[in-house]
Amino acid sequence: MTNNDNTTTLVLGATGKTGRRVADRLKAMGRDVRAGSRPDFDWEDSGTWAPIVRDVHAVYITYYPDLAFPGALDRIRQFTALAVQSGVRRLVLLSGRNEELAQQAEQVVLSSGVEATIVRCSWFMQNFSEGWLLDPVLSGTIALPAGDVTEPFVDVEDIADVATAALTEDGHAGKVYELTGPRLLSFAEAAADISAASGREVAYVPVTPEEFAEGARAAGLPEDEIVGLNALFAEVLDGRNESLADGVRQALGRPARDFTQFAKDAADAWRA
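Quantities reported herein were computed from a predicted structural model and do not represent experimental measurements.

K.L.:
What should I look at first to understand unusual backbone geometry in this one?
P.N.:
Peptide bonds are mostly trans, and most non-glycine residues show a negative phi. Residue Pro39 follows Arg38 across a cis peptide bond; omega there is 0°. If you trace the backbone, Pro39 turns up in the loop between strand S2 (33-36) and helix H2 (49-53). Across the junction of Tyr64 and Pro65, the peptide omega takes the value 5°, indicating a cis bond. Note that Pro65 resides in the loop between strand S3 (58-61) and helix H3 (72-85). With a phi close to 60°, Asp55 is a non-glycine residue in the positive phi region. Inspection of the secondary structure puts Asp55 in the loop between H2 and S3.

K.L.:
Would you mind going over the nonpolar core with me for this structure?
P.N.:
Nonpolar side chains in soluble globular proteins generally cluster together in the buried interior. Counting residues in hydrophobic clusters, the biggest one holds 37 residues, and the most contacted among them are Phe128, Leu144, Phe187 and Phe259. Listed by contribution, the elements that provide at least two residues to this core are helix H6 (134-139), strand S6 (141-144), helix H8 (187-198), helix H9 (209-218), helix H10 (223-236) and helix H12 (259-271). Here the element with the most residues in this core is H12; it accounts for six residues. Formed by 29 residues, the second largest nonpolar core is a distinct cluster that contains Val56, Ala83, Ala105 and Val114.

K.L.:
Would you take a moment to explain helix H7 (residues 156-168) for this structure?
P.N.:
Side chains that are three or four residues apart share a direction in an α-helix, a result of its 3.6 residues per turn. Its 13 residues give H7 an end-to-end C-alpha distance of 18 Å, which sits within 8% of 18 Å, the value for a rise of 1.5 Å per residue. Among the 13 residues in H7, eleven count as buried, and that is most of the element. All of the buried residues along H7 are Val156, Asp158, Ile159, Ala160, Val162, Ala163, Thr164, Ala165, Ala166, Leu167 and Thr168.

K.L.:
Help me out: how do you make sense of the sheet that holds strand S8 (residues 176-179) in this one?
P.N.:
The pairing of strands in a sheet comes from backbone hydrogen bonds and takes either a parallel or an antiparallel form. Strand order in the open sheet made by the six strands is S2-S1-S3-S4-S5-S8, with parallel pairing throughout. The sheet is open, and its two edges are formed by S2 and S8, each paired on a single side. Across this sheet, the average inter-strand angle for adjacent strands is 15°, counted without regard to direction. Two elements, strand S1 (residues 9-12) and S3, share three bridges in a ladder whose sense is parallel. Following the sheet pairing, Val11 is matched in S3 by Tyr60. Strands in contact with helix H1 (residues 17-28) are S1, S2, S3 and strand S4 (90-96); relative to S1, the strand with the most contacts, it is inclined by about 160°. Running at roughly 155° to S4, H7 makes contact with S1, S3, S4, strand S5 (115-121) and S8 of the sheet.

Cut-offs applied
- Along every chain, residues carry numbers that run from 1 in the direction the sequence is written.
- Local features are withheld for residues below a pLDDT of 70 in this predicted model, meaning they are given only at 70 or higher, and side-chain atom pairs are given and counted only at 80 or more; totals for whole chains, interfaces and linings count all residues.
- To obtain the side-chain values, all non-hydrogen atoms of the structure were used and water was disregarded.
- In DSSP terms, a helix is any run of H or I states spanning at least four residues, a strand is any run of E spanning at least two, and both are numbered starting from the N terminus.
- Joining through side-chain atoms within 4.5 Å is the link that ties buried Ala, Val, Leu, Ile, Met, Phe, Trp, Tyr and Cys residues into a set, and such a set is a nonpolar core.
- A 1.4 Å probe rolled over the protein chains alone gives each residue an accessible area, and that area as a share of the maximum for its type sets the label: buried under 20%, exposed over 50%, partly exposed in between.
- What a helix is expected to span follows from its residue count: subtract one and scale by 1.5 Å.
- By definition, two strands form a pair when at least two bridges between them are found by DSSP.
- The angle between two axes is taken between their N-to-C directions and runs from 0 to 180 degrees, where each axis is a line fitted to C-alpha atoms and a helix contributes only its stretch in contact.
- Between two residues, a contact is recorded if the distance between any of their heavy atoms is within 4.5 Å.

Shown next, in the form of structure tokens:
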């Protein structure tokens, strides 16, 4: 194990929804930030890992496309071992609620022998405004194999605040913060909030997994991602996440942000 006295923080997925915000927060605090994104870092190419983790104190770990996808657990295991061997002293993992493979990855990080924190999240509110659901929102139809299940959508700004605190403050080691918004919403209710905020009609249409796959192919989504997303939907959109958690308050001492406020703040993205 190398000696590591620096304070550089590596942010994996530094151009993603949470990584971008975490990096911005760290820079605003005057922290030295190393961005881990393609082509400098690629989860599919382990040869890119060692150079970017060298001389790093802390790492924010995000896995694309999701920890529930095939191969993710092995890569998290290999990367975590490499990070510890390289002298990293603090790890913060972005994880998903009630995903078996994600929670196995959590145990890998928690048992790594260094300070580790898990930020376990429900569906991102920002999926509707800057993610893969933006185009469906703009088209006026959100078609998902979700039935009438409800979800405690979480604001990415809250996730970034919690992750930044865990990366920079003492007292978070060993904690699993489960983050949700303050209330449960169906996708139809989320669409109604988006409609009210944006002034455009947006509807939620429940579809079968086969219908979702057909639409995703037509939109140009790669086949492996379609298969992975349908498997993920089947796992987490079965009602298992129809409960609230208090991780935002536990970590930050304040309540989580509500979907209605998010929709008001994000409305410009839907008016384009």
